[in-house]
Amino acid sequence: MIKYDPLWMTLKAKNISQYRLIKDYGIDNAQLHRLRKNMVIKTITIDTLCRILDCRVEDIMEYVPDDPKTI
């Protein structure tokens, strides 16, 4: 499973709010909702976030193996 928990820490470290992502950078509120819920997002969104935050992919997302019991 892909989790976006690192994104929220990176946003805080860069002093950029979710409101600012929407208003200043044009990130769609629906995309932020999908990120909050660890849902599927397009790679263009990941690219845009990396450009805005001047960071690496690892700074906004991480891979966490699924529980083998749930597969």
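Let me begin by describing the structure that accompanies this report. (Residues numbered from 1 in each chain as written. Predicted model: local features only at pLDDT ≥ 70, side-chain atom pairs only at ≥ 80, totals over all residues. Heavy atoms only, no water.)

Description of the overall build of the protein
Check the secondary structure of the protein and you find 4 helices and 2 strands. The N-to-C order of helical and strand elements in the protein reads β-α-α-α-α-β. Dimensions of the protein, computed from C-alpha atoms along their principal axes, come out at roughly 45 × 20 × 20 Å. Here the protein holds 71 residues, and the buried ones make up 31% of them. A separation threshold of at least 6 residues defines the contact pool for the protein, and within that pool the share at least 24 residues apart is 62%. For the protein, the computed accessible surface area is about 5100 Å², with 53% contributed by carbon and sulfur atoms. (Helix = DSSP H or I, 4+ residues; strand = E, 2+ residues; numbered from the N terminus. Buried < 20%, exposed > 50% of the residue type's maximum accessible area, 1.4 Å probe, protein only. Contact = heavy atoms within 4.5 Å. Areas by Shrake-Rupley, 256 points an atom, 1.4 Å probe, with all protein chains shown as cover.)

Side note on the state of the cysteines
Under the criterion given, the structure shown has 0 disulfides. Of all cysteine sulfurs, the one in C55 lies closest to C50, which takes part in no disulfide; the gap is 4.4 Å. Accessibility expressed as a relative area gives 13% for C50, which makes it buried. For C55, a relative accessible area of 16% translates into the label buried. (Disulfide = S-S within 2.5 Å.)

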